[in-house]
Structure formats: C-alpha cells, structure tokens
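For reference, the chains in residue letters:
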Amino acid sequence: MTAYDGVGVVVVNGPNLGRLGVREPDVYGHQDLQALTLECRAWGEALGLKVEVRQSDDEGEVIGWMHRAVDERTPVVINPAAFTHYSYGLADAAAQVGDAGLPLMEVHISNPASREAFRRLSVISPVATGTITGMGFYGYKLALEAIAHILKEKEGMD
Ligand code: DQA
C-alpha cells in the first residue's frame, strides 16, 4: 500500500481508436478497444492505480477531458491519434496538465516516425512528460508504469 494507491489515471484515446481490431490490423493489431480497456485496468490494478479508459473522435471532448484531469488532479495517458499531428487546441490543453504538475504520457501503438511524413510531427510531445511509440498495446503498460514511478518519486519527496 502506497500513498498513491487507488489514484485515478485517465487513459484517453483519440479519433479512430474505437476502430481498433478492424482498422489496419497489420499496423494496430487484431485486438479491439475493449481488450485494451481490460488490459489497462489490469495493469493499473497491479500498480495500485485505478484506470479509466476513454475514447472519442471529438476534439472538443478530448480537450474537455484534459481540463477535467487538471481540475481533478488526475494523471493522464493519452494516445492523441491523428490529433497528435495538428491539434494546437489539444496541445494547449495537454500543456495545462503538465503545468499543474501532473504526469502526461503520450503513447502511440505504431511508430509514427517510421510511417508517412505527416506522422513525424507531434505537437503533443513537447508538452508530454514522455512519449512511448511502436510497442503496440504494451506501450500503455509502460506508460502506466512510468506514471506509478513518477508518483512514487513524488511521494518520496513529500
Ligand atoms: C497512432 C498514430 C497516429 O499517426 C494515427 O493517426 C493514429 C494512431 C498510433 O497509435 O500509432 O490514429 O496514434
């Protein structure tokens, strides 16, 4: 039992990630969002983190979830999907998470750097605590572990 035991972490997935399993399985794998949700919850539980997984195709809704994370002091794992490459609105909202002293881990299932040129720019990376790419669903596990590590370090400083 740690002081952060049971802390909520929100795992936010951007557009088209509701199509996991049917969308380009060679790139994103054969498992769907429901499988990802169950895995994230189990990984979180093992780390003492209460994980909530969300997905939206709507930029405003994803931005709203960043605001809520700030107001409720909730660490964030985000796969911004295509918003990664052009959404300054989401970048500004994600920056507020970091400014509030909360970890924000950026995850990509594929390795965008190895794909089309437009995927090489992330407007989210500059405001993320860290970025994990190319590890499939396992990247979310690594991101949750990073958050647990950061919270534990902070706890040591209190
Ligand atoms: C993605 C990569 C993005 O370029 C793409 O638009 C996605 C998914 C990934 O998880 O690899 O929708 O974020």
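Residues numbered from 1 in each chain as written. Predicted model: local features only at pLDDT ≥ 70, side-chain atom pairs only at ≥ 80, totals over all residues. Heavy atoms only, no water.

Undergrad: Residues and numbers for helix α4 (residues 88-99), please.
TA: Taking 1.5 Å of rise per residue, the twelve residues of α4 would be expected to cover 16 Å, and the 16 Å separating its terminal C-alpha atoms lies within 8% of that figure. Within α4, the full set of buried residues consists of Leu90, Ala91, Ala93, Ala94, Ala95 and Val97. Elements in contact with the buried residues of α4: α3 (59-72), β3 (76-79) and β4 (104-108). The positive-phi residue at the C-terminal boundary of α4 is Gly101, with phi of around 80°. (Helix = DSSP H or I, 4+ residues; strand = E, 2+ residues; numbered from the N terminus. Expected span 1.5 Å × (residues − 1). Buried < 20%, exposed > 50% of the residue type's maximum accessible area, 1.4 Å probe, protein only. Contact = heavy atoms within 4.5 Å.)

Undergrad: Got a sec to walk through the site of the ligand? Specific residues and values, please.
TA: Taken together, Arg23, Tyr28, Asn79, Ala81, Ala82, His85, His108, Ile109, Ser110 and Arg119 are the residues near the ligand. The separation between an oxygen atom of the ligand and a polar main-chain atom of Ala82 is 3.2 Å. Burial of the ligand by the surrounding chains reaches 99%, relative to a free accessible area of 320 Å². Taken together, the residues of the shell around the ligand sort by class into four nonpolar, four polar and two charged. (Near = heavy atom within 4 Å. Polar contact = N/O pair within 3.5 Å; in protein donor to acceptor, adjacent residues only side chain to side chain. Areas by Shrake-Rupley, 256 points an atom, 1.4 Å probe, with all protein chains shown as cover. Nonpolar A, V, L, I, M, F, W, Y, C, P; charged D, E, K, R; others polar.)

Undergrad: How would you summarise the packing of aromatic side chains if you had to cite specific residues and measurements?
TA: In the structure shown here, the tally under the stated rule is two aromatic pairs. For the ring pair Phe83 and Tyr86, a centre distance of 6.2 Å and an interplane angle of 80° mean the geometry is edge-to-face. Residue Phe83 is classed as buried on the basis of its relative accessible area, which comes to 4%. Taking 6.5 Å as the distance between ring centres and 80° as the angle between the ring planes, the aromatic pair formed by Phe137 and Tyr140 counts as edge-to-face. Per residue, the accessibility class of Phe137 equals that of Tyr140, and both read buried. (Phe/Tyr/Trp six-rings, centres within 6.5 Å; stacked < 30°, edge-to-face > 60°.)

Undergrad: Can you explain the environment of Gly44? Please cite residues and give values.
TA: Topologically, Gly44 is positioned in helix α2 (residues 33-47). Residues within four places of Gly44 in sequence aside, it is in contact with Leu49, Val51 and Leu144.

Undergrad: Give me the sheet that holds strand β5 (residues 130-133): which residues, what numbers.
TA: Read from one edge to the other, the open sheet built from five strands follows the order β2-β1-β3-β4-β5, with strand pairing classed as parallel. Bordering the open sheet on either side are β2 (49-55) and β5, each of which pairs with just one other strand. On average, adjacent strands in this sheet sit at an angle of 20° to one another, irrespective of strand direction. Both β4 and β5 contribute to a ladder of four bridges, which runs parallel. Residue pairing in the sheet places His108 in a bridge with Thr133 of β5. (Pairing = 2+ DSSP bridges. Axes fitted to C-alpha atoms, helices over the stretch in contact; angles between N-to-C directions.)

Undergrad: I'd like to hear about the UniProt feature "site: Transition state stabilizer" (unreviewed entry) in the protein, residue by residue, with values.
TA: UniProt annotation of "site: Transition state stabilizer" (unreviewed entry) refers to Arg23 when read in the numbering used here. Checked against the element boundaries, Arg23 lands in the loop between β1 (7-13) and α1 (25-28). (UniProt positions renumbered as here; feature names shortened; annotations may be inferred.)

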